[in-house]
Amino acid sequence: MPSETLSTPASDPQTRLEAALRQAIVAVLGPEYADADPVVRPSQNPQFGDFQCNGAMALGKQTGMKPRELAQRIVDAVELAPLAETPEVAGPGFINITLRTESVAELLEAADDEHLGVTPDPDPHPVVIDLCAVNVAKQMHVGHLRSTIIGDALARVFERRDRLVHRENHLGDWGLPIAMVLHQLREEGRDFSTLDLPALDAAYRAAQLGGRNDERGLAAARRLGAGPHRIIELEEQNDSAADTIEAAKRTLVKLQGGDAELDRQWHQLIDCTLASLYDALAILEVKLGPENNRGESFYRDRLPGVIDAFAAAKLAREDDGAMVVPFEDRTRPLLIRKSDGGFLYATTDLAAVRFRAQELGASRVIYVVDARQRDHFRDVFDAVRLMDWHRTPDGVEAELVHIGFGSVLGTDKKPLKTRSGANVTLRSLLDEAVERGTAEVQRRAGDPNAPTHGLPDEELREIGRAVGIGAVKYADLSNDLVRDYVFDMDRMIAFEGDTGPYLQYAHARICSIFSKAGVALGSGRGPALDAKTPFVIAADAERTLALTLLRYGAVVADVGRVLEPHRLCAYLYELANAYSSFYQQCPVIKADDEATRQSRLRLCDLTRRVLADGLDLLGIPAPRRM
RNA sequence: GCGGGUGUAGCUCAAUUGGAUAGAGCAUCGGUCUACGAAACCGAAGGUUGGAGGUUCGAGCCCUCCCACUCGCGCCA
């Protein structure tokens, strides 16, 4: 695979071992096995060497050879010098590989530049990441937090590998709900220039309560055997007045018709919501701004075209006055136009996928939206594929992915609520995180021996914010996205264990060594020290640290492939651990001789830069003192 | 009723996609500082991976059937 060779980092031993073993497999079994995966993995247990190759066993089964014998023949054929020692066959057919100490030092040398072993992604197409997606006039809550920070982290990973990323904030800024809020506020006679988000949120709720009426929906739900919850919900809605919704529809028609006053008020609504959003994003250090806004209203003129195209392709049919797209493998179709002629969010999503592949040219379109919408995206993606709309201008089939993340639960394992039972707003959650982080930092700065002792209060508060936000983000990103997770501020803010603050601490401690040693820290990802003195890898802890550092590029590539930020978290935690052990066992400043001291300083420097870079990919700041 | 997700140590979570003895962190117990930052390190203890079958050299992971919890299921987004 030439593209893979191009992107092979010189510093990544695993990729190089794979290439060599692949060659050996071809030499033993013939060219038809050129695509066979040698299955090279870092060894779990030091007694099995640094890496192990597990491919011989599967190939043994395929070819009918004895796995152990095949493994031995691969070992005889493989050329790993000077990278590794002679491999050993063990167990049913494992091949254990130990790197030569000299080559570990050489690989480190190759990783010690501004790339840190990270390689460019060979795919030249942009990536679209749909994230955040706040609703106008609605209070942001913890669900938006997840979507935003997961999406931002993934975007950073792609950008780090030189992909162009379109962060798409698909604002809920159009349609009947917005019209209802507008109508509600006008009825109340509100001054649109003095709105704030709580007032908008209240109007939103009032409008929702006043305007639910859904006879057809209820009938359909009954007919199709919807769950009892859904039926009850719809019945309750039906008890409300129907007049409001008619008025809101008239408001929407006026807005669509370009009514000047309404249009101005609509923009005021949006601006008010966005001001609050930008506020939260600034605290969170999420790279998202006005340039990323492409809400539902952007697609409003494209919606009729969606219906027409499906109709023309005979992929949609009328049903009970509505327009639906049926699927072969499931009974429930996708509803794309209501019986009253109105469009739905599915219609908008169809238009959006089409736009993102065909006009933005994205080869991956990634939706970071909570898991409850899994069925919806399955339907939308399948409908898009029926139309073949998921194609870039140069004909590449775009991968459509929904990253359905789990819910945020309280420590009682139920959806996160305040003590009074209200939804937790994003803002209150962020305020608490910053407050807790600041309190911890200030408390420790009280210790006369602490490096933060005597820092100006303003600086301590800034560090406290970084710690609080780092804690929340790391807690969110460090477990598997699909699972629900328990939000426990006490646990995540703790400075012990697998937390954001622990990683920040490891980073700060390295910075401290440099100030003690009188060596200036570099800026950016480049090395702080000149590379005059070579790496010397002698102690076990040095070797473990070195091997961990060499994995960084592969981890970043991996996270971009499988879209699982928690792997990066696990890696960084492992790196911080490897560093702590090294730090414990290997004196740096007080090393026995100058060559060792220089080598260890370089190890510290490289570790610091990888930690800082990895944390940056997670969107977590890395203060130099804390 | 149909469909999806989840189930791993007391608690919170991993397990490189089928690999060797299932790993971490909290909490518990025991060691390490007149300090290159102890916000750390080293160690101990803790498991029938919800249950039962099956596939194979090998299963937490794949297949079948159960159980529990949870989310979703046409005119909201």
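Small disclaimer: the values here were computed from a predicted structure and weren't measured.

Visitor: Describe the pairing of strand β11 (residues 399–405), naming the residues involved and giving the relevant values.
Guide: For β11, a buried count of 6 out of 7 residues is recorded, marking the element as mostly surrounded by other parts of the structure. Inspection of the sheet shows strand β10 (residues 364–370) paired to β11 by 7 bridges, in the parallel sense. Paired with aspartate 370 across the two strands is phenylalanine 405, which belongs to β11. Between the parallel elements β10 and β11, the chain passes through helix α15 (residues 374–387) in a crossover that is right-handed.

Visitor: Talk me through the sheet that holds strand β8 (residues 322–327); I want residue IDs and the actual numbers.
Guide: Pairing within the open sheet is antiparallel, and its 3 strands lie in the order β7-β8-β9. The open sheet has two edge strands with one neighbour each: β7 (317–319) and β9 (330–337). Direction aside, neighbouring strands of the sheet carry axes that sit 50 degrees apart on average. Examined bridge by bridge, β8 and β9 share 4 bridges and lie antiparallel to one another. Paired with valine 324 across the bridge in β9 is leucine 335.

Visitor: Lay out the pattern of salt bridges with the relevant residues and their values.
Guide: Under the definition given, this model contains 50 salt bridges. Measuring nitrogen to oxygen at the nearest pair gives 2.9 Å for the salt bridge that ties aspartate 152 to arginine 156. Residue aspartate 152 and its partner arginine 156 are located together in helix α6 (residues 142–160), separated by 4 residues, close to a single helical turn. Residue class for aspartate 152 comes out buried when judged on its relative accessible area of 1%. Close ionic contact of arginine 625 with glutamate 459 constitutes a salt bridge, the shortest N to O distance being 3.7 Å. Highlighted residues: arginine 625 in the segment after α23 (594–617) and glutamate 459 in helix α17 (residues 457–477), separated in sequence by 166 residues. The exposure class of arginine 625 is partly exposed, given its relative accessible area of 39%. Given a relative accessible area of 32%, glutamate 459 falls into the partly exposed group. Three or more residues joined by partner-sharing salt bridges are found here, namely Asp329, Arg330, Arg332, Arg378, Asp379, Asp382 and Arg385.

Visitor: Lay out the nonpolar core with the relevant residues and their values.
Guide: Note that soluble globular proteins tend to have their nonpolar side chains buried in a common cluster. If you look at the biggest cluster of nonpolar residues, it comprises 141 residues, and the most contacted ones within it are Ile129 and Leu269. Core analysis: the second largest hydrophobic core is formed by 31 residues, Tyr299, Ala352, Val384 and Trp389 among them.

Visitor: Break down the packing of aromatic side chains for me, citing the residues and quoting the values.
Guide: If you walk through the whole model with that rule in mind, you get 12 aromatic pairs. Their ring planes at 70 degrees and their centres at 5.0 Å tell us that phenylalanine 298 and phenylalanine 355 sit as a pair that is edge-to-face. Pair noted here: phenylalanine 298 is in the loop between α12 (260–284) and α13 (303–312) and phenylalanine 355 is in helix α14 (residues 345–358), with a separation of 57 residues, a long-range link. Overall, the relative accessible area of 34% leaves phenylalanine 298 in the partly exposed class.

Cut-off values and rules
Residues numbered from 1 in each chain as written. Chains lettered and ligands numbered in written order. Predicted model: local features only at pLDDT ≥ 70, side-chain atom pairs only at ≥ 80, totals over all residues. Heavy atoms only, no water. Buried < 20%, exposed > 50% of the residue type's maximum accessible area, 1.4 Å probe, protein only. Helix = DSSP H or I, 4+ residues; strand = E, 2+ residues; numbered from the N terminus. Pairing = 2+ DSSP bridges. Right-handed = clockwise from strand over helix to strand, strands pointing away. Axes fitted to C-alpha atoms, helices over the stretch in contact; angles between N-to-C directions. Salt bridge = Lys/Arg side-chain N within 4 Å of Asp/Glu carboxyl O. Core = buried A, V, L, I, M, F, W, Y, C linked by side-chain atoms within 4.5 Å. Phe/Tyr/Trp six-rings, centres within 6.5 Å; stacked < 30°, edge-to-face > 60°.

Note that every value here comes from positions in space, so none of it alone points to a role or purpose.
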